[in-house]
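So the chains spell out like this:
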Amino acid sequence: MQSSGNLLILEKDQTIRAPLETILSFLGYSCQSGELSDCLSYFASDDQDADAVFTGDLGDQAKAVELLKSHPDTPFIFLNDPKDDAVESAPNYMGQLNGALVYDDIVSLLHFCQSFDTMRHLRSRRAARAQGENYLMRSLRGRGRAISKVRELIEQVAPTDATVLVLGESGTGKEVVARSIHELSKRRAKAFVPVNCGAIPGELLESELFGHEKGAFTGAFTAHEGRFELAQGGTLFLDEIGDMPLAMQVKLLRVLQERQFSRVGSNKLINADVRIIAATHQDLEKMVDEGTFRQDLYYRLNVFPINTPPLREREDDIPLLLQSLVQKYGAQEHCSIKFTQSAVETLMQNPWKGNVRELSNLVERLLILHPNEIVDKDDLPPAYRGETEDNSQADEREALLDAFSPGADEDLSDIIASKNAPAPVLAGEADMAGAFAPQIGPEGVNLKDMVSEIEIKMIRQALSQSGGVVAKASEILGLRRTTLVEKMKKYGISASE
């Protein structure tokens, strides 16, 4: 058996230590042995890395028990029978040699030590993975497939030093992804330094990234460290990289290739021990085709791309995000709010052009408007109720007509105006004219009640046609499932009717 590793021999008798060290050296191990006090001091030091410990006569059996308990991750092999139940029951007790240095016995016990060490590393990795998963669940809320894929990619790339390109619309949490990668990496003890490339004028960006020496340009009264120096050993986050001027792109590319840079006004090269994470909401491939972004820099950055999904593709995550945001801002405002089911379902239907940032702003606004209250659908701003500010009947009619009109180009007013207008066909019904085309008498008509009656009839017929399957009924009606569920609750309609 040829192996390698560091072993510690705790035995005060030189005549026992010497032959054991010879055998272990033949097997490829390096040994630390000598006077007992020296070995104990080595073992007690912070930098000891013994893969296994051979324990002989320590002069005090209690000391052996204490060592096993105080170093549970280190395997112990006893040269003699410990004659102590506390020792033999310890998980890191591998066995004994009974005073005889038999080659096969030593090899067998060393195999046990290797197995123990392997399992210890597995447990350590599992614990680290669990810790990483918990962190990601806290920072990237949601259980949907889209956000779960993002968490999976972060876990895969975080332990490496690979350059990451985070892509996605504004407000989707690209910086949260970048910080998560840093916090789960081996660089987490060092700085995470963000810089918004679009917020800094092009003529100042070089100095901001690489620093400058005193007198390098007008106004440079003192030397200045750049972001690359501040991020040494850590992570540099280049946000909105698509807004970086072409001239600066060339200089950044050179730094990424050579891993060295110099301050403005200096020829002294500084090593760049920095991990790069870039982000943008722009289509870099299109910019490359248009000549506004360098192709070589794009390929240098696009080593490991991560796409952050827009909130409209994560509607199932909105309830969890609402809870998280209420906790976050509620702690700041010293108040809280609760959402009714109707309000939550309404928010799930919103297009969220501003993504998570827009949702975050809405929660903060509602905490100010309705502190310690229950927020219902009607308490939401009109834009989030699917209504306009004046909430006119004409707008309501138009919105409902889009869902229930027989054709995309027809208008309910046209149907009402024409006595001979063709009626829509649904669920085998040949004649729906009574619902869609009532005659308007001198006393007028209540359009809102009329449309409600139409909705109730159409929903019931769709449920009947689909056998009570809400998802199928929503397809028949051209509605989202959540919208249909809300309407069924509103009118007290059961799927089993």
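Throughout what follows, the structure given in this document is the object of discussion. Bear in mind the structure is a predicted one, so any value in this text is a computation, not a measurement.

## Here's the deal with the overall build of the chain
- In terms of regular secondary structure, the chain is built from 21 helices and 14 strands.
- For the chain, the proportion of its 497 residues judged to be buried stands at 43%.
- For the chain, the exposed area adds up to about 26,300 Å²; of that, 48% sits on carbon and sulfur atoms.

## Quick word on the packing of helix H19 (residues 447-465) against helix H20 (residues 470-477)
- At a minimum axis separation of 8 Å, H19 and H20 run at an interaxial angle of 125°. Taken as axis vectors, H19 and H20 run oblique relative to one another. As for how H19 packs across H20, the hand of that crossing is right-handed. In this structure, H19 contributes Met-458, Ile-459, Ala-462, Leu-463 and Gln-465 to the contact, and H20 contributes Val-470, Ala-473, Ile-476 and Leu-477.

## Topic: unusual backbone geometry
- One non-glycine residue, Arg-259, lies in positive phi territory at about 55°.
- Topologically, Arg-259 is positioned in the loop between helix H10 (246-258) and strand E9 (260-261).
- For Asn-355, which is not glycine, the phi dihedral falls at a positive 60°.
- Structurally, Asn-355 is set in helix H15 (residues 355-369).

## Points about the nonpolar core
- The biggest cluster of nonpolar side chains holds 32 residues, and the ones touching the most others in it are Leu-209, Phe-228, Leu-236, Leu-238, Ile-241 and Phe-293.
- Residue assignment for this core shows that the elements contributing at least two residues are strand E6 (164-167), strand E7 (192-196), helix H8 (202-210), strand E8 (235-239), H10, strand E11 (275-280), helix H11 (284-290) and helix H12 (295-301).
- Of all the elements, H10 adds the most residues to this core, at five residues.
- When near neighbours in sequence (up to four residues on either side) are disregarded, Leu-209 contacts Val-195, Gly-226, Arg-227, Phe-228, Leu-238, Met-244 and Met-248.
- One finds Ala-343, Leu-347, Met-348 and Val-356 within the second-largest nonpolar core, a separate group that totals 24 residues.

## As for the pairing of strand E3 (residues 52-55)
- Of the two faces of E3, the one holding Ala-52 and Phe-54 and the one holding Val-53 and Thr-55 are both buried throughout.
- In this structure, strand E1 (residues 6-10) lies alongside E3, joined through four bridges in parallel fashion. Within E3, the residue paired with Leu-10 across the bridge is Thr-55.
- When E3 meets strand E4 (residues 76-78), the two strands line up parallel, connected through three bridges. Counted as the bridge partner of Thr-55 is Phe-78 from E4.

## Here's the deal with the sheet that holds E4
- If you walk across this open sheet you meet the five strands as E2-E1-E3-E4-E5, and the pairing is parallel. Strand pairing shows two members of the sheet lacking a second neighbour, strand E2 (30-32) and strand E5 (93-96), which therefore form its edges. Direction aside, neighbouring strands of the sheet carry axes that sit 25° apart on average.
- Packing against the sheet, helix H1 (residues 14-26) makes contact with E1, E2 and E3, and its axis sits at approximately 165° to E1.

## Remarks on the packing of aromatic side chains
- In total, this model carries seven aromatic pairs according to the counting rule given.
- Judged by centre distance (6.0 Å) and plane angle (25°), the ring pair of Phe-192 and Phe-237 falls under stacked. Here the residue Phe-192 occupies a position in strand E7, and Phe-237 occupies one in strand E8, the gap between them amounting to 45 residues.
- Its relative accessible area of 13% is what places Phe-192 among the buried residues.
- By way of ring pairs, the aromatic residues Phe-210, Phe-228 and Phe-261 are connected into one cluster.

## Topic: the sheet that holds E8
- One open sheet accounts for five strands, arranged E7-E8-E11-E6-E12; its pairing is parallel. Unpaired on one side and paired on the other, E7 and strand E12 (304-307) mark the two borders of the sheet. Neighbour-to-neighbour, the strand axes of the sheet open up by a mean angle of 20°, direction not taken into account.
- Judged from the five bridges that link them, E7 and E8 form a sheet pairing that is parallel.

## Topic: a negative patch on the surface
- Side chains of Asp-283, Glu-285, Asp-289 and Glu-290 sit close together on the surface and give a patch of like negative charge.
- Structurally, Asp-283 can be placed in the loop between E11 and H11.

## Quick look at the environment of Thr-292
- Relative to the helices and strands, Thr-292 resides in the loop between H11 and H12.
- Note: C-alpha distance between Thr-292 and Asp-243 (49 residues apart in sequence) is 9.3 Å.

## Things to note about H19
- Along its 19 residues, H19 runs 27 Å from first to last C-alpha, staying within 8% of the 27 Å computed at 1.5 Å per residue.
- Where H19 is concerned, the buried positions are Leu-447, Met-450, Val-451, Ser-452, Ile-454, Glu-455, Met-458, Ile-459, Gln-461, Ala-462 and Leu-463.

## Here we look at the side chain of Thr-172
- Relative to the helices and strands, Thr-172 is located in the loop between E6 and helix H7 (174-183).
- By relative accessible area, Thr-172 is classed as buried at 8%.
- A polar atom in the side chain of Thr-172 sits 2.7 Å from the backbone oxygen of Glu-169.
- Here Thr-308 takes part through its side chain, which lies 2.8 Å from a polar atom of the side chain of Thr-172.
- Beyond its immediate chain neighbours, meaning those up to four positions away, Thr-172 contacts Thr-308, Pro-309, Pro-310 and Asn-355.

## Things to note about the side chain of Lys-174
- Looking at where Lys-174 falls in the secondary structure, it is placed in helix H7.
- It is Glu-240 that comes nearest to the buried, bridge-free Lys-174 among opposite-charge side chains, at 4.7 Å.
- In this structure the side chain of Lys-174 is engaged in a polar contact, spanning 3.2 Å, whose partner is the backbone oxygen of Gly-168.
- Every residue in contact with Lys-174, bar those within four places of it in the chain, is listed here: Val-166, Leu-167, Gly-168, Glu-169, Phe-237, Ala-279, Thr-280, His-281 and Thr-308.

Analysis parameters
Residues numbered from 1 in each chain as written. Predicted model: local features only at pLDDT ≥ 70, side-chain atom pairs only at ≥ 80, totals over all residues. Heavy atoms only, no water. Helix = DSSP H or I, 4+ residues; strand = E, 2+ residues; numbered from the N terminus. Buried < 20%, exposed > 50% of the residue type's maximum accessible area, 1.4 Å probe, protein only. Areas by Shrake-Rupley, 256 points an atom, 1.4 Å probe, with all protein chains shown as cover. Axes fitted to C-alpha atoms, helices over the stretch in contact; angles between N-to-C directions. Parallel < 35°, antiparallel > 145°, perpendicular 65-115°, else oblique. Left-handed = near helix turned anticlockwise from the far one by under 90°. Contact = heavy atoms within 4.5 Å. Core = buried A, V, L, I, M, F, W, Y, C linked by side-chain atoms within 4.5 Å. Pairing = 2+ DSSP bridges. Phe/Tyr/Trp six-rings, centres within 6.5 Å; stacked < 30°, edge-to-face > 60°. Patch = residues over 30% accessible without salt bridge, like charges linked within 9 Å, V, L, I, M, F, W, Y side chains within 5 Å. Salt bridge = Lys/Arg side-chain N within 4 Å of Asp/Glu carboxyl O. Lys, Arg positive; Asp, Glu negative; His and termini not counted. Charge placed at Lys NZ, Arg CZ, Asp CG, Glu CD. Expected span 1.5 Å × (residues − 1). Polar contact = N/O pair within 3.5 Å; in protein donor to acceptor, adjacent residues only side chain to side chain.

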